[in-house]
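Reading the structure
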Amino acid sequence: MKRAIPAILSALAAVGANAADHAPLATTGDVPVFVEEARAADVAHVYGGPFEFFVGGGVAVFDCDGDRREDMVVAGGKNETALYRNVSAAGGTLEFEHLSLGLEPRDAANALGAYPIDLDNDGRKDLVILRVGQNLLLRGLPECRFEKANKAFGASTKALGGIVVTVGHERDHHGRAEEHFLPAGPFAILPLKGKRSSLVWTETRKEAARLTALGEEEFHAELERRFGLHLGEIEALDKPRAFPLGYFVARSFIADRLALVGDAAHLIHPIAGQGLNMGLKDVAALAEVVVDAARLGMDPGQADVLERYQRWRRFDTMAMGVATNSLNFLFSNESKLLRTVRDIGLGLVDRAPPLKSLFIRQAAGLTGEVPRLLKGEAL
Ligand SMILES: Cc1cc2nc3c(=O)[nH]c(=O)nc-3n(C[C@H](O)[C@H](O)[C@H](O)COP(=O)(O)OP(=O)(O)OC[C@H]3O[C@@H](n4cnc5c(N)ncnc54)[C@H](O)[C@@H]3O)c2cc1C
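Since the structure is predicted, the reported quantities are computational estimates derived from the model, not experimental observations. (Residues numbered from 1 in each chain as written. Predicted model: local features only at pLDDT ≥ 70, side-chain atom pairs only at ≥ 80, totals over all residues.)

Comments concerning the overall build of the protein
A tally of regular secondary structure across the protein gives 9 helices and 18 strands. Relative to its full complement of 379 residues, the protein shows a buried share of 29%. Counting contacts in the protein only where the partners sit at least 6 residues apart, residues at least 24 apart contribute 56% of the total. (Helix = DSSP H or I, 4+ residues; strand = E, 2+ residues; numbered from the N terminus. Buried ≥ 20, exposed ≤ 12 C-beta atoms within 10 Å, placed from the backbone. Contact = placed C-beta atoms within 7 Å.)

In structure tokens, the structure reads:
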């Protein structure tokens, strides 16, 4: 470490000296270079892939064979998710052995991130692997072996539908929103003006179709069973409708003199109530980009102007998409184990005010580069 400081300082001095002519940096001393160190330790791994993968690239670091050395499971994007067992000698150089995770080829690729959690409390870390496609739960076995355990851990993989209906109730809601987590996903009661609430009720797509096809009385019975009577007698004020829920982000938000905004550009699960907010952020960002270009005398529809809009909105959209997808994975299941992890997570957020405020700011669309219109400023 002591050796590294003068080396870094001389590297910085070299940056200053070379900045004017952009000549390549001269290497001074033995500054460790991450890529070289990884290669020397036999971790020849690359996270890569097209746009679906540009939010991601996580690594799970944990001891999978009980030898008190940290091993790694590294997400690969389009490349295979890789397991590296740490076989370094104590005090020696870093050395890893590449092992198979034992997954079928269709499960081995497309990972965005890997998280070690002891889901079944057997003292051994299991893995949650978030993917483009089906997320995976892997049960940890002795000697760094894993087995796919989505079913065993009760994680749902069924297509979901959201039932929307306005509910009238006897008592006032006092402006309080509620979100209950049923096995298929959230059941949200959102206050409207007067003694009315808007209901967003997640079920499997098949069950949502069945429920919305029921007669008034039968639907009322199903509704009451979940809604309860804490707001007094209830009634459905309009016809319940079901919408397919899913996750989709357009490959490109722009084309020749065209820009996509709102749900035309992205569909996310309503678990965090962010779909419309994201659309409004798109509109505000596009308006800002177009007005700025027009002020500079540029053609507001030209490719580089629209490219600025795409760069601004796509990363934010992908990040929110992955976050809501992961939340939904954690919440939409019948697994007691996953529920415990989730409840601990929410409890921690509740007890950590800065974290809570970050989540509230994120939900209000106030993180990242906020367009002027969303800050209440003129264009
Ligand atoms: C169950 C559910 C609950 C949700 N809850 C929330 C929430 O709590 N908070 C939140 O922020 N977001 C929520 N959303 C997401 C939100 O509803 C959408 O993000 C938002 O409505 C998208 O607005 P939009 O104008 O982009 O698209 P849309 O609302 O889909 O509007 C597009 C309109 O274009 C019309 N159209 C389509 N094709 C044509 C055509 N060829 N010609 C003419 N018209 C056409 C459609 O009929 C539609 O009226 C929820 C979504 C669902 C499904």
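Focus: the sheet that holds strand β7 (residues 136-141)
Strands sit in the order β5-β6-β7-β8 across an open sheet of 4 strands; the sheet is antiparallel. What marks the edges here is a single partner per strand, and that holds for β5 (111-117) and β8 (145-148). Adjacent strand axes in the sheet meet at a mean angle of 25 degrees, parallel and antiparallel pairs treated alike. (Pairing = 2+ DSSP bridges. Axes fitted to C-alpha atoms, helices over the stretch in contact; angles between N-to-C directions.)

Observations regarding helix α6 (residues 275-295)
For α6, spanning 21 residues, the distance from its first C-alpha to its last is 31 Å, which sits close to the expected 30 Å at 1.5 Å a residue. Those residues of α6 that fall on the buried side of the exposure criterion are M278, K281, D282, A284, A285, L286, E288 and V289. Downstream of α6 by one or two residues, G297 has phi in the positive range, about 80 degrees. (Expected span 1.5 Å × (residues − 1).)

Quick look at the site of the ligand
Taken together, 13 residues lie near the ligand, and G162, G262, G273, G275 and L276 sit nearest. For the shell around the ligand, the secondary-structure elements that each account for two or more residues are β9 (160-169) and α6. Looking at which element gives the most residues to the shell around the ligand, the answer is α6, with 4 residues. When its residues are assigned to classes, the shell around the ligand shows 5 nonpolar, 7 polar and 1 charged. (Near = placed C-beta within 6 Å. Nonpolar A, V, L, I, M, F, W, Y, C, P; charged D, E, K, R; others polar.)

Some details on unusual backbone geometry
Backbone geometry at D42 places phi at a positive 70 degrees, although glycine is not the residue there. Unusually for a residue other than glycine, N110 sits at a positive phi of about 75 degrees. Among the secondary structure elements, N110 is positioned in the loop between α3 (105-108) and β5. Judged by C-beta crowding, with 24 C-beta atoms within 10 Å, N110 ranks as buried.

Regarding the environment of P105
Following the sequence through the fold, P105 ends up in helix α3. The exposure class assigned to P105 is exposed, which follows from the 7 C-beta atoms found within 10 Å. Remark: the alpha-carbon pair of P105 and E80, spanning 25 residues in sequence, is separated by 8.2 Å.

A few points about the sheet that holds strand β3 (residues 82-86)
Here we have 4 strands laid out as an open sheet, ordered β1-β2-β3-β4, and antiparallel in their pairing. In this open sheet, the two edge strands, each paired with only one partner strand, are β1 (59-62) and β4 (96-99). Neighbour-to-neighbour, the strand axes of this sheet turn through a mean angle of 20 degrees, independent of strand direction. Sheet topology note: the β3/β4 ladder contains 4 bridges and is antiparallel. The residue bridging Y84 from the neighbouring strand is H98, located in β4.

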